[in-house]
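So you can see what is in the structure, the chains are spelled out below.
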Amino acid sequence: MLYTKLDGIDKAASRLVYGTTDAASQGRLEEAFDQYEAAYGYGFRIFDTANGYGKGEDTLGRWLEKSGHRDDVIILDKGCNPCTDYTEPDEFSAETIFSQINRSLDNLRTDHVELYLLHRDDTSRPVDEIVEALNRLHSEGKIKHFGGSNWSLKRIMEANNYAEKHGLQKFTICSPHFSYARLVRDPWGASITLTGDDNRPFRDYLRDNQMPVFNYSSLARGFLSGKYKSDSSIPIEQCIGRAPIEEYYAPENVRRLERAEKISGEIGATVPQIAMAWLMKQSMNLFPLTSPSGEKHVKEVVDALDIELTAEQLRYLDS
């Protein structure tokens with residue numbers, strides 16, 4: 001595992017972030033605890049969860065309490081999820097943030113989280129109330145770094161301009177989608193991605209200021225898991241779930257998968273490892289989120305950090 005430091009947090013921050021698995025969100029404690037212990041054993045020190053992930057917060061909190069690992073684990077939590085097409089949306093308000101963070105802290109059995117993200121945005125509403133609410137939680141010590149997950153560059157800039165004008169803490173982290181596969185459809189609503197030519201200004205901004213980016217779906221929700229092969233005669237529906245098919249199944253991504261398969265065969269790696277190694281060669285300050293459910297796959301993604309793709313291989317992958 002690779003580690004770095006985040007400003008104001010006196011803990012080692014792992015470059016990979018362990019996400020919420022089905023076992024955790026469904027409260028299958030024994031299975032989830034085994035997954036968390038495997039991830040911790042391979043060096044994960046940032047663990048991701050959210051108010052909207054079923055029993056995810058409670059499961060993580062129970063494991064941290066039982067394991068005694070809270071003192072060296074960084075919690076990445078999320079709340080306030082308006083404007084979605086797949087669940088009852090939250091109200092975009094300070095009241096929502098306050099009520100959810102207090103419930104989240106109870107579930108997590110802690111008095112603070114190091115990283116806090118707003119799950120989605122409501123662009124019809126001004127950012128003022130939200131920035132004030134997050135600063136209040138920051139001053140109370142309940143959150144340290146905060147920012148937006150599916151928030152556009154324009155809205156992040158609006159929030160930070162308001163904060164600067166009023167002498168407040170700015171958004172210092174973000175968590176949009178980013179992976180080797182491009183997000184070609186958004187079945188959920190109000191999702192933000194860094195992929196594609198249209199989002200180059202956002203990537204340039206993040207590259208230039210090195211804001212920590214906790215990019216979700218770093219393996220394209222399983223499209224880059226290796227379960228589906230570009231030359232397979234088996235229908236994709238028999239290989240991976242509906243979600244990655246809706247989001248990523250397109251000719252350009254099949255071609256990208258083909259290139260990742262070619263490089264993986266040449267250097268004796270797996271497709272997920274090539275996808276993770278590609279992420280770690282990007283110029284942004286990335287902390288990819290990943291949710292391997294078994295120890296074998298945990299080791300697989302961690303070992304990807306040791307893969308050094310050459311400039312020629314990177315050009316080929318992006319050709």
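Everything that follows concerns the structure shown earlier in this document.
Summarised in this report is the structure supplied together with it. Keep in mind the model is a prediction, meaning the values are calculated, not measured. (Residues numbered from 1 in each chain as written. Predicted model: local features only at pLDDT ≥ 70, side-chain atom pairs only at ≥ 80, totals over all residues. Heavy atoms only, no water.)

**Notes on the overall build of the chain**
Operational definition: Secondary structure elements follow DSSP: runs of H or I of four or more residues count as helices, runs of E of two or more count as strands, with numbering from the N terminus. Radius of gyration: over C-alpha atoms. The globule rule applied is 2.2 Å multiplied by the number of residues raised to the 0.38 power. Buried residues are those whose accessible area, probed at 1.4 Å on protein chains only, stays under 20% of the maximum for their type, while exposed residues exceed 50% and partly exposed ones sit between those limits.
Check the secondary structure of the chain and you find twelve helices and nine strands. In terms of overall dimensions, the chain is globule-like: its C-alpha atoms have a radius of gyration of 19 Å, near the 20 Å expected for 319 residues. For the C-alpha atoms alone, the extent of the chain along its principal axes is close to 55 × 45 × 35 Å. The burial tally for the chain puts 56% of its 319 residues in the buried class.

**Focus: helix H7 (residues 200-209)**
For clarity, the threshold we go by: To be clear, the arc concerns the directions from the helix axis to the C-beta atoms.
Those residues of H7 that sit buried are Phe202, Arg203 and Leu206. All buried residues of H7 fall inside an arc of 100° around its axis, so they share one side. Positive phi appears at Gln210, one or two residues downstream of H7, with a value of about 55°.

**Some remarks on helix H9 (residues 251-267)**
At 3.6 residues per turn, the α-helix brings residues three or four places apart onto the same side. Selection criterion: Helix span, as expected, comes to 1.5 Å for every residue beyond the first. Should any heavy atoms of two residues lie within 4.5 Å, those residues are counted as being in contact.
Taking 1.5 Å of rise per residue, the 17 residues of H9 would be expected to cover 24 Å, and the 25 Å separating its terminal C-alpha atoms lies within 8% of that figure. Contacts from the buried residues of H9 go to helix H8 (242-248), helix H10 (271-280) and helix H12 (311-317). Looking one or two places after H9, you find Gly268, whose phi comes out positive at around 75°.

**Looking at the pattern of salt bridges**
Stated precisely, the cut-off is as follows: For this analysis, a salt bridge means a side-chain nitrogen from Lys or Arg found within 4 Å of a carboxyl oxygen belonging to Asp or Glu.
All chains considered together, the criterion is met by 25 salt bridges. When the shortest N-O distance is used, the salt bridge between Arg155 and Asp121 registers 2.7 Å. Of this pair, Arg155 sits in helix H6 (residues 153-165) while Asp121 sits in the loop between strand E6 (113-120) and helix H5 (128-139), and the two are 34 residues apart along the sequence. Looking at Asp121, the relative accessible area reads 6%, which means it is buried.

**A word on the environment of Ala220**
Looking at the element boundaries, Ala220 is found in the loop between H7 and H8. In sequence terms Ala220 and Arg182 are 38 residues apart; their C-alpha atoms lie 8.1 Å from each other. Not counting the four nearest positions on each side in its chain, Ala220 is found in contact with Ser179, Ala181, Pro244 and Tyr248.

**Topic: the packing of aromatic side chains**
Inclusion rule: Put simply, two rings from Phe, Tyr or Trp (the six-membered ring, in Trp's case) pair if the centres are within 6.5 Å, and we call them stacked under 30 degrees between planes, edge-to-face over 60, tilted for the rest. Think of it as a cone above the ring: NZ of Lys or CZ of Arg counts as a charge over the ring if it is within 6 Å of the ring centre and within 35 degrees of the ring normal.
By the definition in use, this model includes 16 aromatic pairs. Here the basic side chain of Arg136 rests over the ring of Phe98, its NZ or CZ set 4.3 Å away from the ring centre. Between the NZ or CZ atom of Lys262 and the centre of the ring of Tyr316, over which it lies, the distance is 5.4 Å.

**Considering the environment of Phe287**
By the secondary structure assignment, Phe287 is in the loop between H10 and strand E9 (289-290). Judged by relative accessible area, Phe287 falls into the buried class, the value being 0%. Between the alpha carbons of Phe287 and Asn215 there is a distance of 6.4 Å; along the sequence they are 72 residues apart. Those residues in contact with Phe287 that sit more than four places away from it in its chain are Thr4, Leu6, Ala13, Ser14, Arg15, Val17, Ile46, Pro212, Val213, Phe214 and Asn215.

**Quick notes on unusual backbone geometry**
In this structure, Arg109 takes a positive phi of about 55° despite not being glycine. Within the secondary structure, Arg109 is located in the loop between helix H4 (94-108) and E6. What makes Arg109 partly exposed here is its relative accessible area of 33%. Backbone geometry at Ala190 places phi at a positive 60°, although glycine is not the residue there. Tracing the backbone shows Ala190 in the loop between strand E8 (173-174) and H7. Residue class for Ala190 comes out partly exposed when judged on its relative accessible area of 32%.

**Section: the sheet that holds E8**
Quick note on the threshold: Two strands qualify as a pair provided DSSP detects at least 2 bridges between them.
One open sheet holds the seven strands; their spatial order is E8-E7-E6-E5-E4-E3-E9, and the pairing between them is parallel. Whereas interior strands pair on both sides, the edge strands pair on one side only; in this sheet they are E8 and E9. Across two bridges, strand E3 (residues 17-18) lies against strand E4 (residues 46-48) in parallel orientation. Counted as the bridge partner of Val17 is Ile46 from E4.

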